[in-house]
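# A structural walkthrough
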Amino acid sequence: MDVQGRGGAGKERTELRVQLTAQEHAGLTALAAGLRGVAESDLSEEDALVAALELALTRLIDDFEVPDPTAREEVQRARDDLRAHWIRGAATL
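Computed from a predicted structure; not experimentally measured. (Residues numbered from 1 in each chain as written. Predicted model: local features only at pLDDT ≥ 70, side-chain atom pairs only at ≥ 80, totals over all residues. Heavy atoms only, no water.)

A few words now on the environment of Leu-60. By the secondary structure assignment, Leu-60 is in helix 2 (residues 45-62). Along the sequence, Leu-60 and Val-75 sit 15 residues apart, while their C-alpha atoms lie 7.5 Å from each other. With near-sequence residues (within four places) excluded, Leu-60 lies in contact with Val-66 and Val-75. (Helix = DSSP H or I, 4+ residues; strand = E, 2+ residues; numbered from the N terminus. Contact = heavy atoms within 4.5 Å.)

Looking now at the pattern of salt bridges. Tallied over the entire structure, the rule returns five salt bridges. For Arg-77, the salt bridge is made with Glu-73, and the minimal N-O distance between the two is 3.0 Å. Of this pair, Arg-77 and Glu-73 both sit in helix 3 (residues 69-84), four residues apart, which is roughly one turn of the helix. Ionic pairing is found between Arg-79 and Asp-80, a salt bridge with its closest N-O pair at 3.3 Å. Under the relative-accessibility criterion, Arg-79 is labelled buried at 8%. (Salt bridge = Lys/Arg side-chain N within 4 Å of Asp/Glu carboxyl O. Buried < 20%, exposed > 50% of the residue type's maximum accessible area, 1.4 Å probe, protein only.)

Let us look at the side chain of Glu-54. Note on placement: Glu-54 falls in helix 2. Of note is the side chain of Glu-54, whose polar atom sits 2.5 Å from the side chain of Arg-83. (Polar contact = N/O pair within 3.5 Å; in protein donor to acceptor, adjacent residues only side chain to side chain.)

In this section: the nonpolar core. Of all hydrophobic cores here, the largest spans six residues; its members are Leu-28, Ala-32, Leu-35, Leu-43, Ala-48 and Ala-51. Sort the elements by how many residues they give to this core and helix 1 (residues 22-39) lands first, with three residues. Discounting residues that sit within four places of it in the chain, Leu-28 has contacts with Leu-20, Glu-45, Ala-48 and Leu-49. (Core = buried A, V, L, I, M, F, W, Y, C linked by side-chain atoms within 4.5 Å.)

Right, here's the structure in full:
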């Protein structure tokens, strides 16, 4: 599916189905609400999930030593690629 994102040309997206517990969904909803307040922008739970993914990749790079060099390179490449093609600009932590 080709979707017009914020601040950029259309990006191809893959649809995923995620099943969350009530507590996980509440956490995602709270993260979206917090990001909306910080970014002063109307961000969705999808935006919050992408922001959480970017933060997790960054923490793996900055705060932890991923022992496998191939995995470490994959984490770095994925984070850099995510940022390079960022269409949810205000949804970063």
